[in-house]
Amino acid sequence: MTRQWLLQLEPDADRPVDPALPHAVVAAMAGVLGPEPVRWSVQTADTMAAEILDQVPEHGGGPAPLATLRRSTESAVLTALRLLHAESSGAAATLPDDALEGCREFARRSLRLDRVLRGVRLGHARLTQELTAAVERYVPADRRLTELRRVTEALFAYADTHASLMAEAYITERDRWCGSDEEARRKIIDDLLAGRPVDAQTATRRLRYDVSRTHRAAVLWCDDTEDTPPAAERLHHTAAALARAAETDGMLVIPAAETAVWLWLSASGGAFDLAERARAGIDRPAGVHIALGPPAHGASGMRRSHHGAREAQRIARHGSDSWLSDYREVRLVALATADSTHAHWFVHDLLGPLASDGTRVRELRETLRVYLAEERSLRAAADRLHVARNTVTYRVKRAQELLPSTSLKDSTLELRLALEIARSQFG
């Protein structure tokens, strides 16, 4: 027996959908619930995260804490929907891995437990409101009251279990973390990334890494479900391989999550032409991805390069099929999509029907993108796409037919930018 009305949930078409969870997790849930309910879940989770940040601002503090919070809320919503759809008991739920790792991160950041649990209560209150509205919309009137009672009871049980498991995970991680050398190193990194004053000599000594050098930051993460070898082992193996490719004389690795690490490399001269060396020289373990930041100098440069790497990671998580993303190759798209709502509007204004999702439309969009990038050379575009010249001609003509008439009169730069953003969002 399942609650079929859950499969009717639809996202707000005027709001962008930008999941924080790995693509593999989102795709797996879409296989259970369908893509539209999952997109609804992402939007609902974003609303939850915004309310939590408004009421408990300690949950924020920069891109990394915000990403942690968004992954936690998305995991909570998707788990709740899965339990409701199968009519499982919320009390039998286990804490999703992303919520568990988020809780550990809260402990490492010394966010008080009562503030963590306040966020949990706020999130579940919003989720209850959203699902109550959905019941009133999708369930026939003669069954609505009964279904509302069942949903409320199930969500109450799930919220109670969720809070208990969060508290247990928080206390365990806090006890492990407090007093450790790892805590001291992470505090220095948190201060650096937040732009707070840090004594360079003290930081160099504690981190065992010279912060006064020129740095190239990277974010390494696993988004698969393989556990052989463990994610931590694969990540550190890849970090060491990246350091060898950089010919570095300094390396700093900081665990960021159960399936992610932050990396800084210091070297000189041409060693920072790293993307090409990595692609040519690294035999990466399966499931590992790398995002590179730009070279930057000194303690402030560690922050600058890291944030560049995080932006490259953001772009790579949505639409890129490459295992390595270099900020210098995607910085225009990163800049243009910093405000996701405005980027969403820009793409749909410029591309119209060509901004739709779907294999055929993606094919047309990519062909037009390559054609414009190759300065409208049919031969060059055909060679790059590995298709016949006539195929490029047909696809470009069909793509142009889908574009709004005003877009054909706009600058080529704006059209190319819209195509690049769409590629990062839809593939």
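1. Some remarks on the packing of helix H3 (residues 63-85) against helix H4 (residues 97-108)
For any two helices packed against each other, the geometry is given by the interaxial angle and the distance between the axes.
Line of reasoning, step 1. At a closest axis distance of 8 Å, the pairing of H3 and H4 adopts a crossing angle of 145°. Handedness of the crossing formed by H3 with H4: left-handed. In contact with Thr68, Arg71, Ser72 and Ser75 of H3, H4 contributes Asp98, Ala99, Gly102, Glu105 and Phe106.
Line of reasoning, step 2. The residue makeup of the contact of H3 with H4, split by class, is two nonpolar, four polar and three charged.

2. A word on helix H15 (residues 378-385)
Line of reasoning, step 1. Taken together, the buried positions of H15 are occupied by Ala381, Ala382 and Leu385. An end-on view of H15 places all buried positions within 100° of arc, on one side of the element. Those residues of H15 that are exposed and angled more than 90 degrees off the buried face are Arg379 and Asp383.
Line of reasoning, step 2. Buried-residue contacts for H15 involve helix H14 (359-373) and helix H16 (389-402).
Line of reasoning, step 3. Count one or two residues on from H15 and you reach His386, which has phi positive near 60°.

3. Things to note about the pairing of strand E4 (residues 288-292)
Line of reasoning, step 1. In terms of burial, E4 is a largely internal element, five of the five residues being buried.
Line of reasoning, step 2. Bridge analysis of E4 against strand E6 (residues 324-326) gives three bridges, and the strand direction is parallel. Across the sheet, the residue bridging to Ile290 is Leu324, located in E6.

4. Description of the environment of Lys187
Line of reasoning, step 1. Relative to the assigned elements, Lys187 resides in helix H7 (residues 181-194).
Line of reasoning, step 2. Residue class for Lys187 comes out exposed when judged on its relative accessible area of 53%.
Line of reasoning, step 3. Taking the C-alpha atoms as reference, Lys187 lies 38 Å from Ala30; in sequence the two are 157 residues apart.

5. Observations regarding the side chain of Arg186
Line of reasoning, step 1. Examined against the element boundaries, Arg186 turns out to sit in helix H7.
Line of reasoning, step 2. The residues touching Arg186, leaving out its near neighbours within four places in the chain, are Glu105, Arg108, Trp177, Ile254, Pro255, Ala256 and Trp262.

6. Concerning the nonpolar core
Line of reasoning, step 1. Formed by 29 residues in total, the largest nonpolar core has its most connected members in Trp5, Leu81, Leu127 and Leu131.
Line of reasoning, step 2. Elements that contribute at least two residues to this core include exactly helix H1 (23-33), helix H2 (35-55), H3, helix H5 (113-138) and helix H6 (141-177).
Line of reasoning, step 3. Listed in part, the 28 residues of the second largest apolar core include Val211, Ala217, Trp221 and Ala256.

Rules of the game
- Residues numbered from 1 in each chain as written.
- Predicted model: local features only at pLDDT ≥ 70, side-chain atom pairs only at ≥ 80, totals over all residues.
- Heavy atoms only, no water.
- Axes fitted to C-alpha atoms, helices over the stretch in contact; angles between N-to-C directions.
- Helix = DSSP H or I, 4+ residues; strand = E, 2+ residues; numbered from the N terminus.
- Left-handed = near helix turned anticlockwise from the far one by under 90°.
- Contact = heavy atoms within 4.5 Å.
- Nonpolar A, V, L, I, M, F, W, Y, C, P; charged D, E, K, R; others polar.
- Buried < 20%, exposed > 50% of the residue type's maximum accessible area, 1.4 Å probe, protein only.
- Arc of directions from axis to C-beta.
- Pairing = 2+ DSSP bridges.
- Core = buried A, V, L, I, M, F, W, Y, C linked by side-chain atoms within 4.5 Å.

Note that all results are geometric; they support no functional claim without further evidence.
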